[in-house]
Amino acid sequence: MRNERTETERTDTGPDATGVPGRPRWRQRVSTTLALIRANPTGRLALRVVIGILGALVVTIGIVLIPLPGPGWLLVIAGLGIWAVEFHWAKRLLAFTRRHVHGWTAWVKRQSLVLRLVIGSVGLVFVATVALLSIKYSLGIDVIAQVLRYLATN
């Protein structure tokens, strides 16, 4: 027997709560759930508080991780995305951030290979410097001195 599912079911996309076609089903479910929560004044307030606290937690962790090796900026942007679910100012700031990141990416892609290599190298040197300084001042380990000592003895 042949499976008789519709194209919408096969692609797992369909109209969302507002009837917009092509949105993934999980987004449709999230939109429906949020609409149900917002329908109740107490639910609306509770949702704003939970979203506010969760977003603040993720943004705070991201800010702490910015000078350390790791996904600091990614967590800040993720926290902004969490806030954007409920707060219009965060949605505008997230759109601004996306626009500028995409603009930067497009600009870099238009540059010559040599300039892209220079930009990448500067980025790597910056990340390595931040990582080395973070290890030195947070853990008290001077990695460069350790490497030079190792090279001198071997």
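Up top is the structure these notes are about.
Below or above, wherever it landed, is the structure these notes cover. Note that the coordinates shown come from a computational prediction; the quantities given were computed from them, not determined experimentally.

Section: the packing of aromatic side chains
Throughout the structure, instances matching the rule amount to 3 aromatic pairs. Ring centres of Trp-83 and Trp-89 lie 5.4 Å apart, and the angle between their planes is 55°; on these two criteria the pair is classed as tilted. Residue class for Trp-83 comes out buried when judged on its relative accessible area of 17%. According to the relative accessible area criterion, Trp-89 is partly exposed, its value standing at 42%. In textbook terms, an aromatic cluster arises when at least three aromatic residues are bridged by ring pairs, as seen for Trp-83, Phe-87 and Trp-89.

Let's talk about the packing of helix 5 (residues 88-110) against helix 6 (residues 113-139)
Between helix 5 and helix 6, the shortest axis-to-axis distance is 8 Å and the interhelical angle comes to 130°. In terms of axis orientation, helix 5 runs oblique to helix 6. Mapping the contact onto sequence places Trp-104, Trp-107, Val-108 and Lys-109 in helix 5 and Leu-115, Arg-116 and Ile-119 in helix 6. Of the residues in the contact of helix 5 with helix 6, the class split is 5 nonpolar, no polar and 2 charged.

Here we look at the nonpolar core
Among the nonpolar cores identified, the biggest contains 10 residues, and these are Leu-34, Leu-47, Ile-51, Val-59, Leu-80, Trp-83, Ala-84, Phe-87, Ala-90 and Leu-94. Of all elements in the fold, only helix 3 (41-65), helix 4 (72-84) and helix 5 reach the threshold of two or more residues within this core.

Let's talk about the pattern of salt bridges
Counting across every chain of the model gives 2 salt bridges. Among the salt bridges present, the one from Arg-38 reaches Glu-86, with a minimum N-O distance of 2.9 Å. With Arg-38 in helix 2 (residues 25-38) and Glu-86 in the loop between helix 4 and helix 5, this pair connects stretches of sequence that are 48 residues apart. Put simply, Arg-48 and Glu-86 hold a salt bridge, and the shortest N to O gap is 3.6 Å.

Some details on the side chain of Glu-86
Residue class for Glu-86 comes out buried when judged on its relative accessible area of 10%. Filtering out sequence-adjacent residues up to four positions away, Glu-86 remains in contact with Arg-38, Leu-47, Arg-48 and Ile-51.

Remarks on helix 6
For helix 6, spanning 27 residues, the distance from its first C-alpha to its last is 38 Å, which sits close to the expected 39 Å at 1.5 Å a residue. Directly after helix 6, the chain includes Gly-140, whose backbone phi takes a positive value near 75°.

A look at the packing of helix 3 against helix 4
For the pair helix 3 and helix 4, interaxial distance at closest approach is 7 Å and the crossing angle is 165°. The angle between helix 3 and helix 4 falls in the class roughly antiparallel. For helix 3 against helix 4, the interelement crossing comes out left-handed. Residues Ile-51, Gly-52, Leu-54, Gly-55, Ala-56, Val-58, Val-59, Ile-61, Gly-62, Ile-63 and Leu-65 of helix 3 lie in contact with helix 4, whose contacting residues are Gly-72, Leu-75, Val-76, Ala-78, Gly-79, Leu-80, Ile-82 and Trp-83. Class assignment for the residues of the contact of helix 3 with helix 4 results in 14 nonpolar, 5 polar and no charged.

Parameters at a glance
- Just so you know, the residues in each chain are numbered from 1, in the order the chain's sequence is written.
- Where totals are concerned, whole chains, interfaces and linings use all residues; where local detail is concerned, this predicted model gives features only for residues with pLDDT of at least 70, and gives and counts side-chain atom pairs only at 80 or more.
- Each side-chain value is derived from all of the structure's non-hydrogen atoms; neither hydrogens nor water enter the calculation.
- Any two of the Phe, Tyr and Trp rings considered here, Trp counted by its six-membered ring, make a pair once their centres fall within 6.5 Å; the pair's planes then place it as stacked at under 30 degrees, edge-to-face at over 60, or tilted in between.
- Relative accessible area decides the class of each residue, using a 1.4 Å probe on protein chains only: under 20% of the type maximum gives buried, over 50% gives exposed, and in between gives partly exposed.
- Here the axes come from fitting lines to C-alpha atoms, over the contacting stretch only for helices, and the angles between their N-to-C directions go from 0 to 180 degrees.
- Helix and strand labels come from DSSP, where a helix needs a run of H or I of at least four residues and a strand needs a run of E of at least two; each type is numbered from the N terminus.
- Here roughly perpendicular refers to angles of 65 to 115 degrees, roughly parallel to angles under 35, roughly antiparallel to angles over 145, and oblique to all remaining angles.
- In what follows, a contact means two residues having at least one pair of non-hydrogen atoms within 4.5 Å.
- Amino acids are sorted into nonpolar (Ala, Val, Leu, Ile, Met, Phe, Trp, Tyr, Cys and Pro), charged (Asp, Glu, Lys and Arg) and polar (every other residue, Gly among them).
- To define a nonpolar core, start from buried Ala, Val, Leu, Ile, Met, Phe, Trp, Tyr and Cys residues and group those joined through side-chain atoms within 4.5 Å.
- Any Lys or Arg side-chain nitrogen located within 4 Å of an Asp or Glu carboxyl oxygen qualifies as a salt bridge.
- One less than the number of residues in a helix, times 1.5 Å, gives the span that helix is expected to have.
- By convention, the crossing between two helices is left-handed when the near helix turns anticlockwise from the far helix through less than a right angle, and right-handed when the turn is clockwise.

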